[in-house]
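Topology and contacts: notes
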Amino acid sequence: MLTVSITHQLGDFSLDAAFEAPAGISVLFGRSGSGKTSIINSISGIIHPDRARITLGDRVLIDTSRAINIPIHRRRIGYIFQEGRLFPHMDVAQNLAYGARHARGAAVVPEARIVEMLGLGAMLKRRPRDLSGGEKQRVAIGRALLAAPDLLLADEPLAALDGPRKAEILPYFERLRDELAVPVLYVSHAVGEVARLATSVIAIEDGSVVRQGPAEEVLADASVTPTGIRAAGAVLRARVVAHHADGLTELVAGGIPLHLPRIEQALGTELRVRISAQDIILSRQQPEGLSALNILPGQVRNVRAGQGPGAMVTLDTAAGPLLVRITQRSAASLNIAEGVSCFAIVKSVSIAPEDIG
Amino acid sequence: MLTVSITHQLGDFSLDAAFEAPAGISVLFGRSGSGKTSIINSISGIIHPDRARITLGDRVLIDTSRAINIPIHRRRIGYIFQEGRLFPHMDVAQNLAYGARHARGAAVVPEARIVEMLGLGAMLKRRPRDLSGGEKQRVAIGRALLAAPDLLLADEPLAALDGPRKAEILPYFERLRDELAVPVLYVSHAVGEVARLATSVIAIEDGSVVRQGPAEEVLADASVTPTGIRAAGAVLRARVVAHHADGLTELVAGGIPLHLPRIEQALGTELRVRISAQDIILSRQQPEGLSALNILPGQVRNVRAGQGPGAMVTLDTAAGPLLVRITQRSAASLNIAEGVSCFAIVKSVSIAPEDIG
Amino acid sequence: MTGWLGPQEWQAVALSLKVSFWATLLALPLGVLAAYALSRWTFPGRNLLNGLVHLPLILPPVVTGYLLLITFGPQAPAGQFLEWIGLPVAFRWTGAALAAAVMAFPLMVRAIRLSLDAVDPKLEEAASTLGASPIRVFITITLPLIAPGIVAGGILAFAKAMGEFGATITFVSNIPGETRTLPTAVYTFLQVPGGEGSAVRLVIISIIIAMAALLLSEWVSRRLADRVRGA
Amino acid sequence: MTGWLGPQEWQAVALSLKVSFWATLLALPLGVLAAYALSRWTFPGRNLLNGLVHLPLILPPVVTGYLLLITFGPQAPAGQFLEWIGLPVAFRWTGAALAAAVMAFPLMVRAIRLSLDAVDPKLEEAASTLGASPIRVFITITLPLIAPGIVAGGILAFAKAMGEFGATITFVSNIPGETRTLPTAVYTFLQVPGGEGSAVRLVIISIIIAMAALLLSEWVSRRLADRVRGA
Amino acid sequence: EDVTIFAAASLQNVLGEILNESELDARTVYAGSSALARQIAAGAPADIFISANESWMTALIDDENVNITEQVNLASNALVVVGRGAVVSLDDLGEHLAGERIAMALVDAVPAGIYAKAAMLDLGMWDSIAPFVVETDNVRSALSLVATGAVPFAITYVTDVQADPRVSVLTHLPTGSHPPIRYPVARLTDSPGARAVFEALSEPDAQAIFAAHGFLPPR
Ligand SMILES: Nc1ncnc2c1ncn2[C@@H]1O[C@H](COP(=O)(O)OP(=O)(O)OP(=O)(O)O)[C@@H](O)[C@H]1O
Ligand SMILES: Nc1ncnc2c1ncn2[C@@H]1O[C@H](COP(=O)(O)OP(=O)(O)OP(=O)(O)O)[C@@H](O)[C@H]1O
Ligand code: MOO
Ligand SMILES: [Mg+2]
Ligand SMILES: [Mg+2]
């Protein structure tokens, strides 16, 4: 458990943030310039905040009121920087080894595995300046992971990567989250990443925490500014029950079957499935003859009309509450109001691979 | 018109690419390390390729066979670098002015407008190191734009930006594309960006061009590796016909009405609307009582089953061909085959703001 | 001798300041040019230039002074040319400045080169893409970025010029009011038994002046390095 | 005198090489330490240290030599201490090395400081987050990154040591085979009628040696700078 | 080599020859008289000190840390005006020098300069030449200024002119016009070697060599 409370002035910008990050991945979410990097820097010890108390488990990293300030190198924190910061005088292999050399525990994952996972094999003997932007970032990720830290800080680690590479690396962060006690504080702008990875979400605005809580809650809250309407969605917990011959995997969430393209997970695995509010169509009668495979009956808990043409519907289903974004025009024409029953139509494929995990 | 033909060896990596970029935005699309930055560097003159012929309009920038090699500063090329490269000894205002000072023509957009658009007003007197990652990138964009170049090279200019900020800056690239003759070569990993901006797309793999053509064609091609299935989609041309009181804007594409959340465009404006293949639901009969507002009747041109559980359906509609991704299971149960008629159901809001433009 | 320092001694102080100032000013642009050429260009004779620049460091100062004398002396063509353009150096304070500049040159070039080598060529490329010609890139990007090195080199040169003795006295002698700089005056006192007291006074003066310059440069250099660091 | 150089002259060459080598070796670690302290730490007396380091540059060499003589002479406590630990410097080649090291020290410190100031502290921070203690950060990150500056400083010191005359002859005199270095030998020849020929030969030798060192350092420095540049 | 001689640099040739001829084994250390005197005062391992400068010898005699057991004058020297032209008479000298630069060693510090100034004062020429005096760190530098043509005249010791064909003696300055130029030698230790060297320097053989190099007998 990481607890953070920081007050710090940077020029005109004031940082005044307090939050807790439980085990798992806590995503710091906020607009450019909102103070995410500053928070991360304070935790790592790179910034010495005006006032702060930060604890990691039972270790106090800094407590300005008691004049405690553990130096950076003893904080046992892995930091994946926004700008790589590879050592220019070392080749890739040496950069990676640098983390491992000072590692304060057994490597979480063996080096060979990390090299393979990050696709670094072909460039081990190259120097940073001979790497492409994305390649540098991959090396930086590997280096931080090999240091076997007690807390991992990741500042937009995947921003420079292409989709397929992102998709390859994301599962590793998931493994970190699921298999290890190492808490991860993860800065990201990408809703997909947030939804997929976040155990909890901390939304930052202008240097302050505007919302924090379990990912399911925060992401389901359409009012969280940085997330915004388009990112709203619900996260369901589902269990893998069958792998069908036609390539679909069947999951069950609260008794309701969901069909998704093959997920390589053992039967019985519990997964989190995110369904974006805008990917759901509502229908008053049981739909038929549609290509969409997943239909969840439910009851409208409430309808909130936003500014603009949209309305956000919360639909209670057996699988859990769903968020549905429709137009006010549709809400009116379909008579959608508190208490009415209707059906949520979700295309199986609209649950993006990044949103399952 | 930019024509490019480059052969160059970088360590183990060989670049061997030839393509043409017409006016408008040509997106270079490819995985990390595929050679995008190397191509851009060759065009800008930063890399001197082993063999190359690059022409911009009627100017030859480099022709190694004729020993022509225009120096960087006379190429009149604006370059937004992957890593910012702001001048550390100048404040933001001076960095911006640097571009304008050597500008080779009237500013495309007045400085004040760029400052406002990129949200730089509050940081004009600050130095680069006091900026957040995204702020730096915004300044870099502004600086390149103010140089009034004949060709703009943009290497993942938006990767470090958050969604809302991206959404603010994208329209500017669109204006560049639509209003000015300046061709733009734009590197991006983000399908949304590509779809929205690209006039033409150049797909790179391992240093070679694997596919190039108009954006509509390339993006509709599910086989373009870097794009991948999830990014497939069709781009329709639509015209704004009405702004309704409930906040919806009505467009018409090939006689078919489409409803989208308010788009701030004058009546009569021609827009490109991208509809992702996976955001469409097919129905054999005319659907009723659904919250989805956009229903396009059409006829199946062909069905291609991919590996995995999916199938890609090309549906000819009056608005143009649509790509629809459904499961093979649905295709079978709905009897979707070449020649059958059916309806494409698109939620108005599933046309993402980034995909309109 | 009235007061703590006599008029002759004050004269030496003033002269040393003048000589060091001009020596530094003379060496600076040439030093930047030489450093740039050595750091960025490859040309035939590069090693020769490098060697020449360092020569005054390697040679005993007296030898450098002697070489200056046979190059710029009243009989030598170079000396006569300078005289002809109205800038005679033989046995003039201008010659003292020349000697000090030559002696300080290697220090200055080294300092500037180190700064130059640390400039990220990517920034220069970026300026080129913005349409800046090589000369403008140099003036607007390279020069400001190497400013700390130039200041460091300048102060090194100034300090060296304040202390230069061997080459100066060999080249331009010790003419009161014209070429009798502080170190020459100090040397004079040290040659006679019991002259240490007067020498010490002059040494203290030089130390104070050089320290002031040093502190100033330190301050300027820090501010510049600060401006330049981190992007 | 047999051959081109007589045995005494060879002796001076060998001695100068030995003295310069040890002077450089002595100055290097101290130079790195002083440069680091001046560049990174703030402590009371920082300005004083800075001044002290630069003193040999400012003072006429003869004065520096004189100060060394009264500090490390056989009668002075520091000199007696060194003698007691088995490292006498007075009128020994070790003293010549000490004098050369002191004279070269400011050049070396300046060179190293410039390199240090150019090191991006972000890289050091990154190493800290990877668990490297300050001393390890210094050894594994800072030191390799300032290697070009160290090489530059080292060669500057070596060249200066090869040419140092005033302080050396004042401090440890001109004892053949013990403290008669190349520049001192040159001086000696210049003092007698007809000695110029020998002096010129020795000057040529020093030039060749210093140029060789220079080229070597140039090469090493380029390779290092290359390794270190660009991330 | 158990005897170390600290000697003024200008005595290098003559001393080398004397040691050679007399087959005495000694180590010679040459530098400016002032530097050597200071080093001896600081404890330098010198057995014999030959100074070109009487006042430094006097200073050492007065120094209580230095134990000088014997002291004697070895030779003396005379001043000449050198140049690249023909001989001039002393009477015409003033006219000859008028308005031209003349080099001499530092007139307030280095013996050759001090004597030269004294001579010029005595001859009543100082005031007219003073603005044109070019002072050098030692007398040899003054000579080389003439040799390279940088200045037309210099005042040096007669012993300096010998080997350089580019310069010639224009006129000899009267020995009475300046204080006697003496080369005192001192013995600082009591070893037999030191005694032997000290004695040998005053022997007729040594004196002949001094004379051959242009030195005058001790005064
Ligand atoms: N030294 C400084 N002086 C003044 N303002 C500063 C300084 N350092 C940072 N800031 C400001 O503090 C704010 C927070 O910066 P920070 O780097 O934490 O943002 P961020 O959330 O990481 O943004 P991004 O997503 O763009 O990286 C920004 O507005 C930035 O301009
Ligand atoms: N000097 C070099 N020596 C060897 N290989 C190099 C050198 N420079 C670049 N490369 C390799 O060339 C390939 C192309 O690099 P480039 O920077 O063009 O990729 P990119 O497509 O821009 O990637 P990214 O999206 O990660 O920025 C990469 O595999 C890179 O490792
Ligand atoms: O022997 Mo001297 O002291 O150089 O004139
Ligand atoms: Mg940031
Ligand atoms: Mg790239």
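So, a few notes on the structure that sits alongside this text. On a predicted model such as this, the values are computed, not experimentally measured, just so you know.

1. What to know about the overall build of chain E
Across its full length, chain E carries 10 helices and 10 strands. Taking 17 Å as the expected radius of gyration for a compact globule of 219 residues, we find that chain E reaches 18 Å, a close match to that expectation. In terms of overall dimensions, chain E has C-alpha extents of about 55 × 35 × 30 Å along its principal axes. For chain E, buried positions account for 57% of its 219 residues. Partitioning the contacts of chain E with sequence separation of at least 6, the portion at a separation of at least 24 is 75%. In the structure as shown, chain E presents an accessible area of about 8100 Å², 49% of it carried by carbon and sulfur atoms. Distance between charge centroids for chain E: 5 Å, based on 11 positive and 27 negative side chains.

2. Brief notes about the overall build of chain A
Helix and strand counts for chain A come out as eight helices and 20 strands. Looking at chain A alone, contacts between residues at least 24 apart form 64% of all its contacts between residues at least 6 apart.

3. Examining the pairing of strand E12 (residues 233-243) of chain B
Residue and element names in this part refer to chain B. Pairing between E12 and strand E15 (residues 270-276): seven bridges, direction antiparallel. Across the sheet, the residue bridging to Val235 is Arg274, located in E15. Direction of pairing for E12 relative to strand E13 (residues 248-253): antiparallel, over a ladder of four bridges. In the strand pairing of E13, His243 is matched with Thr249.

4. Description of the interface of chain B and chain A
Counting from both sides, the interface comprises 58 residues of chain B and, opposite them, 58 residues of chain A. Across the chain B/chain A interface, buried area totals approximately 4600 Å², and carbon plus sulfur atoms make up 51% of it. In this structure, Asp246(A) engages Arg329(B) in a salt bridge whose closest nitrogen and oxygen atoms are separated by 2.7 Å. Joining chain B to chain A, the criterion identifies 15 residue pairs in polar contact (both at pLDDT 80 or more). Among the elements of the structure, helix H4 (133-146), helix H5 (163-179), strand E14 (256-261), strand E16 (280-283), strand E19 (320-327) and helix H8 (328-333) of chain B are those that each provide at least two residues to the side of chain B that touches chain A. A class-by-class count of the residues in the side of chain B that touches chain A yields 21 nonpolar, 20 polar and 17 charged.

5. Some remarks on the site of ligand 1
Taken together, 20 residues surround ligand 1, and among them Thr37(A), Ser38(A), Arg126(B), Gly134(B) and Glu135(B) come closest. Proximal residues around ligand 1 fall on chains A and B, making this an inter-chain site. One of the backbone N or O atoms of Ser34(A) is found 3.3 Å from an oxygen atom in ligand 1. Between an oxygen atom of ligand 1 and a side-chain N or O atom of Ser38(A), the distance comes to 2.5 Å. Against a free-state accessible area of 640 Å², the protein chains account for coverage of 90% of ligand 1. In terms of residue class, the shell around ligand 1 is built from two nonpolar, 12 polar and six charged.

6. Some points on the pattern of salt bridges
All names here are of chain E. As enumerated under the stated definition, the model contains 28 salt bridges over all chains in all. Arg187 serves as the salt-bridge partner of Asp190, at 2.8 Å between the closest nitrogen and oxygen. Of the residues examined, Arg187 reaches a relative accessible area of 3% and is grouped as buried.

7. Concerning the relation of the copies chain B and chain A
For the match of chain B to chain A, the screw axis carries a shift of 0.0 Å, the RMSD comes to 0.3 Å, and the turn is 180°. Overall, the copies show the geometry of a two-fold rotation axis. Closest approach to the rotation axis among the C-alpha atoms of chain B is made by Ala159(B), whose C-alpha sits 2.8 Å away. Both copies contact each other with a shared surface, as 100% of the interface residues of chain B are interface residues in chain A too.

8. Looking at the sheet that holds E14(B)
Residue and element names in this part refer to chain B. Pairing is antiparallel in the open sheet, where four strands are placed in the order E14-E13-E12-E15. The open sheet is flanked by E14 and E15, the only strands paired with a single partner. The average angle at which neighbouring strand axes cross in this sheet is 45°, direction not considered.

9. A short note on the nonpolar core
With 209 residues, the main nonpolar core has Ile43(A), Leu185(A), Ile5(E), Ile48(E) and Ile50(E) as its most contacted residues. The biggest single contributor to this core is helix H5 (residues 93-118) of chain D, with 13 residues. Not counting residues within four places of it along the chain, the set of residues in contact with Ile5(E) comprises Leu15(E), Leu19(E), Ala26(E), Arg27(E), Thr28(E), Val29(E), Ile48(E), Ile50(E) and Val197(E). In terms of nonpolar packing, the next biggest core, distinct from the first, is built from 93 residues, Ile39(B), Leu185(B), Val109(C) and Ala78(E) among them.

10. Overview of a negative patch on the surface
On the surface, Glu17(E), Glu21(E), Glu23(E), Glu199(E), Glu203(E) and Asp205(E) cluster together into a patch of negative charge. Position of Glu23(E) relative to the elements: it lies in the loop between helix H1 (12-22) and strand E2 (27-31).

11. Quick word on the site of ligand 3
Residues and elements named next belong to chain E. Neighbouring ligand 3 are Ala8, Ser10, Ser33, Ala52 and Val110. Within the side chain of Ser10, a nitrogen or oxygen atom sits 3.2 Å from an oxygen atom of ligand 3. Side-chain polar atom of Ser33 to an oxygen atom of ligand 3: 3.2 Å apart, as the coordinates give it. Of the residues that constitute the shell around ligand 3, the class distribution is three nonpolar, two polar and no charged.

12. Here we look at the environment of Gly320(B)
Residues and elements named next belong to chain B. Within the secondary structure layout, Gly320 lies in strand E19. Its relative accessible area of 16% is what places Gly320 among the buried residues. Linking Gly320 and Arg237, residues 83 residues apart in sequence, is a C-alpha distance of 8.3 Å. Setting aside its immediate chain neighbours within four residues, Gly320 contacts Leu236 and Leu315.

13. Observations concerning a nonpolar patch on the surface
Residues and elements named next belong to chain C. Judged by side-chain polarity, Phe81, Trp84, Ile85 and Leu87 come together as a nonpolar surface patch covering roughly 500 Å² of accessible area. With respect to the helices and strands, the residue Trp84 is situated in helix H4 (residues 77-84). Overall, the relative accessible area of 71% leaves Trp84 in the exposed class.

14. Remarks on the arrangement of the chains
With eight pairs of chains in contact overall, the contact-richest pair is chains A and B. What separates chain A from chain E at the closest point of their C-alpha atoms is a distance of 50 Å, and the two make no contact. Structurally, chain B and chain E remain out of contact, their C-alpha atoms never closer than 48 Å.

15. Notes on the packing of aromatic side chains
Going through the model one piece at a time under the given rule, you end up with 16 aromatic pairs over all chains. Seen from their ring centres, Phe21(C) and Trp22(C) are 5.5 Å apart, and the 85° between their planes marks the pair as edge-to-face. For Trp22(C), a relative accessible area of 42% gives the class partly exposed. A centroid spacing of 5.0 Å and a plane angle of 85° characterise the contact between Tyr36(D) and Phe138(D), whose relative ring orientation is edge-to-face. Of this pair, Tyr36(D) sits in helix H1 (residues 7-40) while Phe138(D) sits in helix H7 (residues 134-145); the two residues are 102 residues apart in sequence, bridging distant segments of the chain. Look at Tyr36(D) and you get buried, because its relative accessible area is 18%. What links up through ring pairs into an aromatic cluster is the set Tyr36(C), Trp41(C) and Phe138(C). The ring centre of Phe87(A) lies 4.5 Å from the NZ or CZ of Arg143(A), which sits over that ring. Between the NZ or CZ atom of Lys18(C) and the centre of the ring of Trp93(C), over which it lies, the distance is 4.3 Å.

Cut-offs applied
Residues numbered from 1 in each chain as written. Chains lettered and ligands numbered in written order. Predicted model: local features only at pLDDT ≥ 70, side-chain atom pairs only at ≥ 80, totals over all residues. Heavy atoms only, no water. Helix = DSSP H or I, 4+ residues; strand = E, 2+ residues; numbered from the N terminus. Rg over C-alpha atoms; globule rule 2.2 N^0.38 Å. Buried < 20%, exposed > 50% of the residue type's maximum accessible area, 1.4 Å probe, protein only. Contact = heavy atoms within 4.5 Å. Areas by Shrake-Rupley, 256 points an atom, 1.4 Å probe, with all protein chains shown as cover. Lys, Arg positive; Asp, Glu negative; His and termini not counted. Charge placed at Lys NZ, Arg CZ, Asp CG, Glu CD. Pairing = 2+ DSSP bridges. Buried area = accessible area lost by both parts, 1.4 Å probe. Salt bridge = Lys/Arg side-chain N within 4 Å of Asp/Glu carboxyl O. Polar contact = N/O pair within 3.5 Å; in protein donor to acceptor, adjacent residues only side chain to side chain. Nonpolar A, V, L, I, M, F, W, Y, C, P; charged D, E, K, R; others polar. Near = heavy atom within 4 Å. Least-squares fit on C-alpha atoms with pLDDT ≥ 70 in both. Axes fitted to C-alpha atoms, helices over the stretch in contact; angles between N-to-C directions. Core = buried A, V, L, I, M, F, W, Y, C linked by side-chain atoms within 4.5 Å. Patch = residues over 30% accessible without salt bridge, like charges linked within 9 Å, V, L, I, M, F, W, Y side chains within 5 Å. Phe/Tyr/Trp six-rings, centres within 6.5 Å; stacked < 30°, edge-to-face > 60°. Lys NZ or Arg CZ within 6 Å of the ring centre and 35° of its normal.

Note that all results are geometric; they support no functional claim without further evidence.
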